[in-house]
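Architecture at a glance
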Amino acid sequence: MQIDDTALAGRCVLVTRPESQASGLCQLIEQSGGRAIRLPTIAIRARQLSAEQHQAALKQIADSELIIFISQTAVQQFERQFAGQLAALQGKQLVAMGDSTRTHLAKHHIGDVLSVESGMGSEALLDLPPLAAHAVVAKRILIVKGDGGRALLYDSLHERGASLHTLELYRRDKPQTSRLQLTTIWNHSRPDSMIFTSGEGMANFLEMTAAVDLAGLYRTPALVFGGRIAALAQAAGFAHVRQVDMASDDALLRALYQLHRVENSKVEN
């Protein structure tokens, strides 16, 4: 999308994405005149596979007809541990959870990568034709992901008759954050809006900021990915929740433009 270098002038945006996923969005915010504050609420830790696990994973990759990448982190960790296997993805059906994950895969020129065009999350992914009930019966599917997370995708594909394997390449931890860092953010930077891209990240954020003025925090507008996280944010107590229905930096930036255009209009009136 076209960058407006004044659209977010004077606005401070708190970005809670994992550190490895935040740079592109923060750069867009700053190119639009805003200030991006990075507060990762999920720390990504690579999983070290044993030699036996690595060999088993190579067999799963080779045997799979369709491979689903749950996140751009899943792609990054696949690149790190199976760099020599990128060519093996040629000719396989590849499905990405979200536009940023699709873009990350597509840069390797490994063929067509399918992702949802509207909506997000496992629910939207399960609506894709290649994952329909009639299409996955007995199909060998590999899900590349982190540990834990929602079981909806796996359980639904299992119920539809797919032959499933998972390849867990990383884990998600809650970062260690000092009270001084949090106090500085809320007492001095005073974010005008916050961004949450996962329910787990939002839950970690609330635990990390338990000592902060929660009334002020809950009054700050929150941009979230999808209806499920929007419902979680509202249930947690956030008063102003704006739902973003595409998992991309551009979609988040457009939502920030719209949010702060409305806020600026209120001030002018």
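Preceding this paragraph is the structure being described.
Our focus in this paragraph is the packing of aromatic side chains. Evaluation of the coordinates by the stated rule reveals five aromatic pairs. For the pair Phe 69 and Phe 78, a centre-to-centre distance of 5.5 Å together with 85° between the ring planes defines the contact as edge-to-face. Phe 78 shares its class with Phe 69; the two are buried. Three or more aromatic residues joined by ring pairs make a cluster, and in this case those are Phe 196, Phe 205, Tyr 218 and Phe 238.

To continue, consider the sheet that holds strand β1 (residues 12-15). Ordered in space as β2-β1-β9-β10-β11, the five strands form an open sheet in which the pairing is parallel. Each edge of the open sheet carries a strand with a single partner, namely β2 (35-38) and β11 (241-244). Neighbour-to-neighbour, the strand axes of the sheet open up by a mean angle of 25°, direction not taken into account. Pairing of β1 with β2 involves four bridges; the strand directions are parallel.

In contact at an axis separation of 8 Å, helix α3 (residues 72-81) and helix α4 (residues 99-106) are set at 25° when each is read in the N-to-C sense. One way to sum up the angle between α3 and α4 is to call them roughly parallel. Judged by residue contacts, Gln 72, Val 75, Gln 76 and Glu 79 of α3 engage Ser 100, Thr 101, His 104 and Leu 105 from α4.

A few words now on the nonpolar core. Within the largest apolar cluster, 42 residues are counted, with the highest numbers of intra-cluster contacts made by Leu 14, Ile 29, Phe 196, Phe 205 and Phe 238. It is helix α12 (residues 249-268) that provides the largest number of residues to this core, a total of seven residues. Each residue touching Ile 29, except ones within four places of it in the same chain, is listed here: Leu 8, Val 13, Val 15, Gly 34, Arg 35, Ala 36, Leu 253 and Leu 256. In this structure, Ala 57, Ile 61, Phe 78 and Leu 142 belong to the second largest nonpolar core, which totals 21 residues.

As for its placement among the helices and strands, Ala 135 is situated in helix α6 (residues 133-136). Separated by 12 residues in the primary sequence, Ala 135 and Glu 123 have C-alpha atoms spaced 16 Å apart. Residues in contact with Ala 135, not counting those within four places in the same chain, are Pro 129 and Pro 130.

On to helix α9 (residues 199-208). Because the α-helix completes a turn every 3.6 residues, residues three or four places apart line up on one side. Three or more residues of α9 are buried, namely Gly 199, Gly 201, Met 202, Asn 204, Phe 205 and Met 208. The secondary structure elements touched by the buried residues of α9 are β1, β8 (163-173), α8 (179-189), β9 (193-196), α10 (214-219) and α11 (226-236).

Rules used in this analysis
- Within any chain, residue numbers begin from 1 and follow the written order of that chain's sequence.
- Where local features are concerned, this predicted model is filtered to residues with pLDDT of at least 70; where side-chain atom pairs are given and counted, the filter is 80 or more; whole-chain, interface and lining totals use all residues.
- Water and hydrogen atoms were dropped before computing side-chain values, which therefore reflect all heavy atoms in the structure.
- Any Phe, Tyr or Trp ring, taking Trp's six-membered ring, that has another such ring centre within 6.5 Å forms a pair; planes under 30 degrees apart are called stacked, those over 60 apart edge-to-face, and the others tilted.
- To sort residues, take the accessible area from a 1.4 Å probe on protein chains only and compare it with the maximum for the residue type: under 20% means buried, over 50% means exposed, and anything in between is partly exposed.
- For two strands to be treated as a pair, DSSP must find at least two bridges joining them.
- Per the convention used, a helix needs a DSSP run of H or I reaching at least four residues, while a strand needs a run of E reaching at least two, with both numbered from the N terminus.
- Fitting a line to C-alpha atoms yields each axis, with helices limited to the stretch in contact; the angle taken between N-to-C directions then spans 0 to 180 degrees.
- Should an angle lie under 35 degrees it is considered roughly parallel, over 145 roughly antiparallel, and from 65 to 115 roughly perpendicular; all remaining angles are considered oblique.
- We call two residues in contact whenever any of their non-hydrogen atoms come within 4.5 Å of each other.
- The set of buried Ala, Val, Leu, Ile, Met, Phe, Trp, Tyr and Cys residues whose side-chain atoms join them within 4.5 Å is what this entry labels a nonpolar core.

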